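A closer look at the structure
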Amino acid sequence: MNHAALETSGPFAHEIATLFWIFAGVAAVVYAIVIAALAFSLWRRKRADVPPPDVVPRNALRAIGGSLALTGIILVGLALADFFGNRALTNVPPEALRIRVTAHQWWWEIEYLDAIAQDRITTANHLAIPVGRPVMLELRSGDVIHSFWVPSLNGKKDLLPGYTTQLALIAARAGAYRGECAEFCGYQHAHMSIDLTAEEPAQFDRWLAAQRASASEPTDDLQRRGRDVYRGSTCRACHTIQGTMTAARLGPDLTHLASRPRIAAGALPNDAASLAAWIADPQAIKPGTKMPATRMSADDLAALTAYLGSLR
Ligand code: CUA
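Computed from a prediction, not measured in an experiment: that's the story for all the values here.

**A word on the domain arrangement of the protein chain**
By domain assignment, the protein chain separates into domain 1 (11-89), domain 2 (97-212) and domain 3 (221-308). Averaged C-alpha coordinates put domain 1 and domain 3 at centres separated by 58 Å.

**So, the pattern of salt bridges**
In a structure, side chains of opposite charge can pair up when their charged atoms sit close to one another. The final tally for this structure, using the stated rule, is twelve salt bridges. The partner of Arg249 in a salt bridge is Glu111, with the nearest N and O atoms 3.3 Å apart. Of this pair, Arg249 sits in the loop between helix H4 (221-232) and strand E11 (262-263) while Glu111 sits in strand E2 (residues 107-112), placing them 138 residues apart in sequence. Each member of the salt-bridge network shares a partner with another, and the members are Arg98, Arg100, Glu109, Glu111, Glu138 and Arg249.

**Regarding the packing of aromatic side chains**
On inspection of all chains with the given rule, the structure shows seven aromatic pairs. Taking the centre distance of 6.5 Å and the plane angle of 40° together, the rings of Tyr112 and Phe204 count as tilted. Of the two residues, Tyr112 is situated in strand E2 and Phe204 in helix H3 (residues 201-212); the sequence distance between them amounts to 92 residues. Across this residue pair, the class does not change: Tyr112 and Phe204 are buried. Measuring from centroid to centroid gives 5.9 Å for Phe204 and Trp207, while their planes differ by 25°, and the two rings are stacked. Of this pair, Phe204 and Trp207 are both found in helix H3, three residues apart, which corresponds to roughly one turn of the helix. Each residue in the set Tyr112, Phe204 and Trp207 is aromatic and connected to the rest through ring pairs, giving one cluster. A cation over an aromatic ring shows up here: Lys156 above the ring of Trp149, its NZ or CZ 4.5 Å from the ring centre. A cation sits over an aromatic face here: Lys290 above Trp106, 4.9 Å from the ring centre.

**Here we look at H4**
Taking 1.5 Å per residue, twelve residues should reach 16 Å; H4 reaches 16 Å between its end C-alpha atoms and fits that length. When H4 is considered as a whole, its buried residues turn out to be Gln223, Gly226, Arg227, Val229 and Tyr230. Buried residues of H4 fall within an arc of 160° about the axis and therefore sit on the same side. Those residues of H4 that are exposed and aimed more than 90 degrees away from the buried face are Asp221 and Gly232. Along its buried surface, H4 packs onto helix H7 (298-309).

**Observations concerning the packing of helix H1 (residues 11-48) against helix H2 (residues 58-89)**
For the pair H1 and H2, the least separation of the axes is 9 Å and the interaxial angle reads 170°. The orientation of H1 with respect to H2, classified from their angle, is roughly antiparallel. Residues Phe12, Glu15, Ile16, Leu19, Ile22, Phe23, Val26 and Val30 of H1 touch H2, and the partners they reach there are Ile74, Leu78, Ala81, Asp82, Gly85, Ala88 and Leu89. Tallied by class, residues from the contact of H1 with H2 come to twelve nonpolar, one polar and two charged.

About the cut-offs
- Residues numbered from 1 in each chain as written.
- Predicted model: local features only at pLDDT ≥ 70, side-chain atom pairs only at ≥ 80, totals over all residues.
- Heavy atoms only, no water.
- Domains from an automatic or database assignment.
- Salt bridge = Lys/Arg side-chain N within 4 Å of Asp/Glu carboxyl O.
- Helix = DSSP H or I, 4+ residues; strand = E, 2+ residues; numbered from the N terminus.
- Phe/Tyr/Trp six-rings, centres within 6.5 Å; stacked < 30°, edge-to-face > 60°.
- Buried < 20%, exposed > 50% of the residue type's maximum accessible area, 1.4 Å probe, protein only.
- Lys NZ or Arg CZ within 6 Å of the ring centre and 35° of its normal.
- Expected span 1.5 Å × (residues − 1).
- Arc of directions from axis to C-beta.
- Contact = heavy atoms within 4.5 Å.
- Axes fitted to C-alpha atoms, helices over the stretch in contact; angles between N-to-C directions.
- Parallel < 35°, antiparallel > 145°, perpendicular 65-115°, else oblique.
- Nonpolar A, V, L, I, M, F, W, Y, C, P; charged D, E, K, R; others polar.

As structure tokens, then:
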């Protein structure tokens with residue numbers, strides 16, 4: 001999984017990495033020159049073994065003036081590089097795919113906006129995007145300030161309560177990318193990962209079509225029992241499974257839970273044992289998380305886990 005700001009996979013991150021190398025290169029050269037000048041003057045002072053003059057000599061004044069002018073030129077140059085770099089980051093074509101990302105303590109709600117209302121889909125903590133196509137994220141927060149950061153694709157952007165910010169992404173290569181919340185947002189800030197997969201356009205379209213469908217029907221008795229457990233449990237107070245007459249949006253939409261790479265915003269792998277452990281006692285895994293423990297018998301828990309695991 002790619003998770004490095006200097007291993008870029010798209011034009012925006014490349015722009016930032018280029019800027020980083022320009023700044024680092026200029027700073028390294030300036031540092032080398034300053035240290036060399038200091039070493040030279042110390043060496044000359046020691047060799048001549050004379051006290052410093054009362055009046056600054058003319059050639060020293062010239063050297064100081066020249067250094068100041070050079071510093072000014074370098075600063076203006078870096079400011080221009082920064083300005084044009086920033087302009088490139090906001091240069092997004094209007095036909096970009098629009099996705100709304102709402103940050104919560106401590107997970108990401110992701111809505112694929114579509115002009116047709118029933119084609120909108122909602123997922124959580126997993127962001128799939130098509131390779132090569134610009135994506136415009138509308139970033140919002142449901143509670144405190146968070147920050148969206150997928151280092152291989154672009155820089156950080158804050159998500160602010162009551163205010164929408166925007167961030168563009170273009171993935172140049174297919175692959176799995178990892179992102180993190182980059183602004184301290186409470187107790188479980190470190191457990192707020194995002195899994196981003198960049199997929200070839202045809203594969204992305206298949207994914208989108210699958211996500212638009214209602215939840216798959218149970219295929220065996222265990223899964224059917226699991227669905228009954230879900231319907232009779234308190235899970236429904238916060239979670240939605242499309243097609244089961246639930247519509248709560250306090251927690252992640254579970255309609256296609258099994259298609260996601262990880263659960264609990266990256267805290268656990270997406271497998272039966274993790275799912276069961278998470279439902280039984282979320283506070284043991286992410287202390288402070290908004291999800292309460294759900295009491296049920298071991299058989300009910302196994303059935304519920306089987307059902308949730310079938311929601312691809
Ligand atoms: Cu959300 Cu840190």
